[in-house]
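One-letter residues, chain by chain:
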Amino acid sequence: MSKGLEIRLASRPKGWPTPENFDLVEVDVPQPGDGQLLVRNVVMSVDPAMRGRMNEGKSYVPPFEVGKALQGGAVGEVVASNAEGFQPGDFVLHYLGWRDHAVFDAKHAVKVDPQVAPLNAYLYVLGMPGMTSYVGLTDIAEQREGDVVFISGAAGAVGSLAGQIAKLRGASRVIGSAGSAEKVRYLTEELGFDAAFDYHDGPVVEQLRAAAPEGIDVYFDNVGGEHLEAAIEVLNDFGRVAECGMISQYNNAEPKPGPNNLFKIVSKRLRLQGFIVIDHADRKDQFFTEVGGWLREGKISYRETVVDGLRNAPEAFLGLLRGENTGKMLVKIADAG
């Protein structure tokens, strides 16, 4: 039996995670049973939502278990197959990242083609972040042609795609917030945002008002906190908010007070709706058709921040929470092929 490596949750963090919350463990790699695949992982994703799964308590997905390997999106190469429709050499998308080899039922694998798009893209533009951006704008915020759209965390994986999709769907103005001057330049100079600001440079509400003097119609929220309060203040009547994430809150040891202007949801007749992309699997074909077409036509740009080596996955995740990525944060586990 061959040996492999996996990263386990050593303990539940209180506040910000630290390297001590992770263990790197050598394990036996079993052979696949009936209907199963053995996959050698090539690249894996780290995502903000993983922070919530490190906590105990009920949520839309079960929490990670202490002493067991973490989970997340990954693309790998089939090494051995006991399942019809898969053979060695195929590449598959699955959700047993945080390890160099994975054995699982083939029904949980989606075959991907490296000739259509790079393998990394299936964890980004053509993966969960891309579909999250698409569903958040089209279904949740019901973005319309001519809308002014504000996106927080706009240089991250979801935000950077949401801004471009909003423009392609006819937004009259797209505004983004980010955490550095370099990221602001990336948004305006490479991705086509009409305006962007560094939220460290002053109160978010003042910077948002300056960027959107006629107000905003749609807010795509990745950050929460001060950003949400500012958006409520600047939203026009009947504005719509897609609540995708609140990364500013994930590492608070104690809950912080929410926005103090919530009554304006009533007075402005705003609509705020949270969403989880896994509830929208029925939109996958339309997403691939529309966003895949834009990608082939060169209408969507993207950057990746790639950390090399499974051993460095915890640091990649911590760096993501600190905002050290531009675009998607990925971990390269092995070479393809």
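So, how was this worked out
Residues numbered from 1 in each chain as written. Predicted model: local features only at pLDDT ≥ 70, side-chain atom pairs only at ≥ 80, totals over all residues. Heavy atoms only, no water. Helix = DSSP H or I, 4+ residues; strand = E, 2+ residues; numbered from the N terminus. Rg over C-alpha atoms; globule rule 2.2 N^0.38 Å. Buried < 20%, exposed > 50% of the residue type's maximum accessible area, 1.4 Å probe, protein only. Areas by Shrake-Rupley, 256 points an atom, 1.4 Å probe, with all protein chains shown as cover. Lys, Arg positive; Asp, Glu negative; His and termini not counted. Charge placed at Lys NZ, Arg CZ, Asp CG, Glu CD. Pairing = 2+ DSSP bridges. Axes fitted to C-alpha atoms, helices over the stretch in contact; angles between N-to-C directions. Contact = heavy atoms within 4.5 Å. Salt bridge = Lys/Arg side-chain N within 4 Å of Asp/Glu carboxyl O. Parallel < 35°, antiparallel > 145°, perpendicular 65-115°, else oblique. Left-handed = near helix turned anticlockwise from the far one by under 90°. Nonpolar A, V, L, I, M, F, W, Y, C, P; charged D, E, K, R; others polar. Expected span 1.5 Å × (residues − 1). Phe/Tyr/Trp six-rings, centres within 6.5 Å; stacked < 30°, edge-to-face > 60°. Lys NZ or Arg CZ within 6 Å of the ring centre and 35° of its normal.

Novice: Can you lay out the overall build of the protein for me, pointing to particular residues and giving the numbers?
Specialist: When you go through the protein residue by residue, the secondary structure sums to 9 helices and 15 strands. Relative to the compact-globule value of 20 Å for 337 residues, the protein shows a C-alpha radius of gyration of 20 Å, a close match. Considering only C-alpha atoms, the protein reaches an extent of 65 × 45 × 35 Å along its principal axes. A burial count over the protein gives 52% of its 337 residues as buried. Accessible surface, the protein as shown: approximately 15300 Å² in total, 49% of it carbon and sulfur. Side chains of the protein give 34 positive and 45 negative charges; the mean places of these two sets differ by 2 Å.

Novice: Explain the environment of Val266 to me, and be specific about the residues and the numbers.
Specialist: With respect to the element layout, Val266 can be found in helix α7 (residues 263–267). Looking at Val266, the relative accessible area reads 53%, which means it is exposed.

Novice: Please give an account of the sheet that holds strand β8 (residues 148–151) that cites residues and values.
Specialist: In spatial order, the strands read β10-β9-β8-β11-β12-β13; together these 6 strands make up an open sheet with parallel pairing. In the strand order of this sheet, the two ends are held by β10 (195–198) and β13 (271–274), each with one partner. Taking the axes of each pair of neighbouring strands and ignoring which way they run, one obtains an average angle of 15° across the sheet. Here strand β12 (residues 235–243) pairs with β13 via 4 bridges, running parallel. Its bridge partner being in β13, Glu243 is matched across the sheet by Gly274. Against the sheet, helix α2 (residues 128–140) makes contact with β8, β11 (216–221), β12 and β13, and its axis sits at roughly 145° relative to β11, the strand it touches most. In the packing of helix α5 (residues 204–211) onto the sheet, contacts are made with β8, β9 (173–178), β10 and β11, and the angle to β10 comes to roughly 165°.

Novice: I'd like a rundown of helix α9 (residues 313–321), residues and numbers included.
Specialist: Burial analysis of α9 places 8 of its 9 residues in the buried class, which makes it a mostly covered element. For α9, the complete set of buried residues consists of Ala313, Pro314, Ala316, Phe317, Leu318, Gly319, Leu320 and Leu321. Structurally, α9 contributes buried residues whose contacts are with β1 (2–9), β2 (22–29), β3 (36–45), α1 (49–53), β14 (304–308) and β15 (328–332). Phi turns positive one or two residues past the end of α9, at Gly323, with a value near 80°.

Novice: Could you give an account of the pattern of salt bridges, with specific residues and numbers?
Specialist: Per the counting criterion, the structure on display carries 18 salt bridges. One salt bridge connects Glu233 with Lys264, and the closest N-O pair in it is separated by 2.4 Å. Here the residue Glu233 occupies a position in helix α6 (residues 226–234), and Lys264 occupies one in helix α7, the gap between them amounting to 31 residues. Taken together, the shared-partner salt bridges connect Arg209, Glu233 and Lys264 into one network.

Novice: Pulling in residues and values, what's your account of the packing of α5 against α6?
Specialist: Contact geometry of α5 with α6 gives a least axis separation of 9 Å together with a crossing angle of 40°. Taken together, the axes of α5 and α6 lie oblique to each other. α5 and α6 meet at a crossing whose hand is right-handed. In this structure, α5 uses Val204, Val205, Leu208 and Arg209 to contact α6, whose residues at the interface are Glu226, His227, Ala230, Ala231, Glu233 and Val234. Taken together, the residues of the contact of α5 with α6 break down into 6 nonpolar, 1 polar and 3 charged.

Novice: So what about helix α3 (residues 157–168)? Which residues, and what values?
Specialist: Given a rise of 1.5 Å per residue, 12 residues ought to cover 16 Å, and the 17 Å separating the end C-alpha atoms of α3 matches this to within 8%. With 10 of 12 residues buried, α3 lies mostly within the body of the structure. Within α3, burial applies to Ala157, Val158, Gly159, Ser160, Leu161, Ala162, Gly163, Gln164, Ile165 and Ala166. Of the surrounding secondary structure, the elements contacted by the buried residues of α3 are α2, β8, β9, β11, α8 (284–296) and β15.

Novice: I'd love a proper account of the packing of aromatic side chains, names of residues and values included.
Specialist: Going through the model one piece at a time under the given rule, you end up with 9 aromatic pairs. Ring geometry for Phe22 versus Phe317: centroids 6.3 Å apart, planes at 75°, classification edge-to-face. Pair noted here: Phe22 is in strand β2 and Phe317 is in helix α9, with a separation of 295 residues, a long-range link. There is no split in this pair, since Phe22 and Phe317 are both buried. Judged by centre distance (6.3 Å) and plane angle (75°), the ring pair of Trp98 and Phe317 falls under edge-to-face. Taken together, the residues span a long stretch of sequence, with Trp98 in the loop between β5 (91–94) and β6 (101–105) and Phe317 in helix α9 at a distance of 219 residues. Pair check on accessibility: Trp98 and Phe317 agree, each one buried. In textbook terms, an aromatic cluster arises when at least three aromatic residues are bridged by ring pairs, as seen for Phe22, Trp98 and Phe317. Stacked on the ring of Phe86, the Lys or Arg Lys111 has its end atom at 5.2 Å from the ring centre.

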